[in-house]
Amino acid sequence: MSPRWSAREAVAVVTEEFTEFSPDDVSTGPPGTDDGPLGWDGYGAARQRAQERTGERESVISGIARIGGVAAVLVSFEFGFLGGSLGERTGDRLVAAYTRARELRLPVVSLIATGGSRMQEGMRALTQLQRVAAQSALTRAAGLPQIAVVRDPTTGGGWATLGAGADVVLALPGAQIGFAGSRVRPADADPYAYSAEGQLAAGQIDAIVPPDRLRTTLGRWLRLLTPEAPGREAPEPVASAPVDFTSAGNAPAAGRPATPAGGITPPPPPPPHALGSSGLPATGWAAVRAARDERRPRAAAYLDAYFDWREEISGDRCGGTDPGIRCGFGRRDGRTIAFAAQCGTAVRPAGFRTAARLIRMADRLGIPVLTLVDTPGAANDPDAERAGAGAAIADVFAALASVRTPVTSLLIGEGGSGGALALAAPGALWATPDSYFSVIAPESAAAILKRDAHAVRDTADQLRLRPQDLLSLGVIQGIVPPAPPE
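Residues numbered from 1 in each chain as written. Predicted model: local features only at pLDDT ≥ 70, side-chain atom pairs only at ≥ 80, totals over all residues. Heavy atoms only, no water.

Trainee: Please explain the overall build of the chain as it appears in this structure.
Mentor: Tallying secondary structure elements over the chain gives 18 helices and 16 strands in all. Partitioning the contacts of the chain with sequence separation of at least 6, the portion at a separation of at least 24 is 74%. Surface summary for the chain: the accessible area is close to 20,000 Å², and the carbon and sulfur share equals 55%. (Helix = DSSP H or I, 4+ residues; strand = E, 2+ residues; numbered from the N terminus. Contact = heavy atoms within 4.5 Å. Areas by Shrake-Rupley, 256 points an atom, 1.4 Å probe, with all protein chains shown as cover.)

Trainee: Explain the packing of helix H4 (residues 88-104) against helix H6 (residues 128-141) here, please?
Mentor: Axis angle and axis distance: for two packed helices, these are the angle between their axes and the distance between the axes, and together they describe the pair. Running from amino to carboxyl end, H4 crosses H6 at an angle of 5 degrees, the nearest separation of the two axes being 9 Å. Overall, the two elements H4 and H6 adopt an arrangement that is roughly parallel. Residues Glu88, Gly91, Asp92, Leu94, Val95, Tyr98, Thr99 and Arg102 of H4 form the contact with H6, whose own contacting residues are Gln128, Arg131, Val132, Gln135, Ser136, Leu138 and Thr139. Tallied by class, residues from the contact of H4 with H6 come to 5 nonpolar, 6 polar and 4 charged. (Axes fitted to C-alpha atoms, helices over the stretch in contact; angles between N-to-C directions. Parallel < 35°, antiparallel > 145°, perpendicular 65-115°, else oblique. Nonpolar A, V, L, I, M, F, W, Y, C, P; charged D, E, K, R; others polar.)

Trainee: Quick question: what am I supposed to make of the pattern of salt bridges here?
Mentor: Pairing between side chains of opposite charge can happen when their charged atoms approach one another. Applying the stated criterion to the full structure yields 24 salt bridges. Two residues, Arg295 and Asp293, come together in a salt bridge whose shortest N-O distance is 2.9 Å. Judged by relative accessible area, Arg295 falls into the exposed class, the value being 74%. Here Asp374 ties to Arg296 by a salt bridge, and the two come within 3.1 Å at their closest N and O atoms. (Salt bridge = Lys/Arg side-chain N within 4 Å of Asp/Glu carboxyl O. Buried < 20%, exposed > 50% of the residue type's maximum accessible area, 1.4 Å probe, protein only.)

Trainee: What's the story with a nonpolar patch on the surface in this structure? I'm lost.
Mentor: Nonpolar side chains collect at one region of the surface, where Leu38, Trp40 and Met119 lie side by side and expose about 330 Å² of accessible area between them. Mapped onto the fold, Trp40 is located in the loop between helix H2 (23-26) and helix H3 (43-54). Overall, the relative accessible area of 37% leaves Trp40 in the partly exposed class. (Patch = residues over 30% accessible without salt bridge, like charges linked within 9 Å, V, L, I, M, F, W, Y side chains within 5 Å.)

Trainee: What is the right way to look at H4 in this model?
Mentor: For an α-helix the count is 3.6 residues per turn, leaving residues at separations of three or four pointing the same way. Spanning 17 residues, H4 covers 24 Å between terminal C-alpha atoms, matching the ideal 24 Å at 1.5 Å per step. Every buried residue of H4 is accounted for by Glu88, Thr90, Gly91, Asp92, Arg93, Leu94, Val95, Ala96, Ala97, Tyr98 and Ala101. Downstream of H4 by a residue or two, Arg105 has a phi angle that is positive, lying close to 55 degrees. (Expected span 1.5 Å × (residues − 1).)

Trainee: What should I look at first to understand the state of the cysteines in this one?
Mentor: Note on terminology: a disulfide is the covalent bond linking the sulfur atoms of two cysteines. Going through the model one piece at a time under the given rule, you end up with 0 disulfides. With no disulfide of its own, Cys343 lies closest to Cys327 among cysteine sulfurs, the gap being 8.8 Å. (Disulfide = S-S within 2.5 Å.)

Trainee: I keep staring at the packing of aromatic side chains and nothing clicks. Help me out?
Mentor: Between two aromatic rings, the relevant description is the distance of the centres plus the angle of the planes. Enumeration over the complete set of coordinates arrives at 3 aromatic pairs. Measuring from centroid to centroid gives 6.1 Å for Trp221 and Phe329, while their planes differ by 75 degrees, and the two rings are edge-to-face. Of this pair, Trp221 sits in helix H9 (residues 214-225) while Phe329 sits in strand S10 (residues 325-332), and the two are 108 residues apart along the sequence. Of the two residues, Trp221 and Phe329, neither departs from the other in class, the shared state being buried. Aromatic pair Phe307 and Phe339: ring centres 5.4 Å apart, planes at 45 degrees, arrangement tilted. Linking Phe307 in the loop between helix H11 (299-306) and strand S9 (309-313) with Phe339 in strand S11 (residues 335-342), this pair joins segments that are 32 residues apart in sequence. When its relative accessible area of 5% is taken as the criterion, Phe307 is described as buried. Relative accessible area serves as the criterion here: at 1%, Phe339 is assigned to the buried category. One aromatic cluster is present, built from ring pairs that chain together Tyr306, Phe307 and Phe339. (Phe/Tyr/Trp six-rings, centres within 6.5 Å; stacked < 30°, edge-to-face > 60°.)

Trainee: Explain the pairing of strand S13 (residues 407-416) to me, please; I cannot follow it from the model alone.
Mentor: Along S13, 10 of the 10 residues are buried, which leaves the element largely enclosed by surrounding structure. Summarising the sheet, strand S12 (residues 369-375) and S13 pair through 6 bridges and their orientation is parallel. What sits directly across from Leu370, in S13, is Thr408. Note that S13 and strand S14 (residues 429-431) share 3 bridges and pair parallel. Counted as the bridge partner of Leu410 is Trp430 from S14. Of the pairings in the sheet, the one linking S13 to strand S15 (residues 436-438) comprises 3 bridges and is parallel in character. Paired with Glu414 across the bridge in S15 is Tyr436. (Pairing = 2+ DSSP bridges.)

Trainee: Looking at this model, I keep getting lost on the environment of Arg105. Mind explaining?
Mentor: Structurally, Arg105 is set in the loop between H4 and strand S4 (108-114). The class for Arg105 is partly exposed, based on a relative accessible area of 37%. Along the chain, Arg105 and Thr226 lie 121 residues apart, while their C-alpha atoms are 9.5 Å from each other.

By themselves, these are just geometric observations and shouldn't be taken as functional.
The following block contains the structure:
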C-alpha cells in the first residue's frame, strides 16, 4: 500500500533542499469568522485541533525545492489537516505558489493527498477549483511544466485540477485515485477503478513509482522538461542553429506559428541512423517483405540507440492506452527531445490521442520532437471505430500541422496509409532502406482492383512504395544510412 506521509515527510522524501514560503506571504485571503464563511458550528475548533495535531496552519505547504539538482516550486498536501481539503486559504496558498513559479520561471511539482473541497466552507471552497485551474492554465501558457505525484488518497477537486491537469502524473503504488471519494462511490463500485493501478490501465496516469525511486524519477523528469536543468543546452535562435542534415522541410509551414511559447526555436532533431539492412530493395514487393520481416529492428531498438536515457508517458487521458505506440522524452547529447514511436502494430485510437498529447506538450515546452513511423495502418475493427479512430487520427494531423517546435520523422518499417502518415511530419520525413510507404497495402489495392492474388507483386511495383521511389516523388527528404563505424 501507499505510505501515508505527512506533507513534510513527503517533501523530505523527494527533495535535497526545501525553503518554505512564509505562511503570511501565501495566505492573503481574509480569515473570515471563526467558524468560516458559512458559520459552520465547530469548524473553527476543528481547524484548531488540526493545527495542533499536524503543526500546520493549512492543508498545504509550499516553497522552493531542489529535486535532482533542479529548482522547482513545490506544493505538498497535509492530509492530516481536515483530510487535505481545499478551502479558501488553501486556494490562496496555491495561487501564490503558482504565481511565484511564473515569476521565477520554475516548474511546479505537486505532492497531492486530499479528500477534495472543504464542505464546511461550502461553495466558497468549491470555487477554489476554478482559481487553481486558472493558475494551472496560466502556467501552462507560460511554457512551464507541471508534474503531479499522486499520494494516498487523492480524490475530488484536488485530483481534477492539480492531479489530472498536470503534464506528467506519477502515482505511488496502491494509492486511491478518483474524482469520487471512498464514502461517496456506488456501493458496488470496483475498487480497482479507483486505484493507481486501475488508473494507469485506463490511461489516466503516466507511471506508478515506488517510494524509494520517487526522488530519482522526479529529478529525471525535471531535467527533461526544464530548460534551465543541468546539462540541458539553451536552444539557439533558429537563424544560427546548426543542423547536421539537409531538409527543405525544416522551415515552418505556411501559416504555422514561427516559434514556441518561449520565443525561440530549437534546432530540429537529427534523424536516427538505420539499424537494419543498408541495401535498397529491387522491387516494390521486396520492400514490403523487408519491412514486414520480424527480424527487422523496431522502435525499441531505435529509441535505445538514439537516446542516452529517457522517460515515457502513458495513456490518452480519455480511458485508453495502446502498447503499439511509445511516447515520452529522452536525453541525447545533453539535449531533450520528445518522441512518439509506432511499434509495428495497428495503432489504436488511444495511441493516436497519446501521440497528440505528447506533441502538444512538447510544443508548449519548446522541446523538439522525433517521430518513428512503423505501422501497417490504423486499427479498423468495430472497437476502434467506436473509440473514435477517425477523430483520433484527425487530432494527430492537427497537432503536427500546428506545432511550432521542429519535428523530424523517420520511416523505419511499414508505412500503412493514413495511420502511418498521421505521425509523419510534413516536409521533414526520412526513411530507412528497409521500409516502405503506401497509400494502401498491395493486397488491399489488388482486391479493390479485382486482381487475383498473383497480381499483388505487380501492384506493389505500381504503387511506387520503395524508399528510392518515395525520394524521387518528393515524399521523403532522404534515405538514412547506417551509423558510421567508430
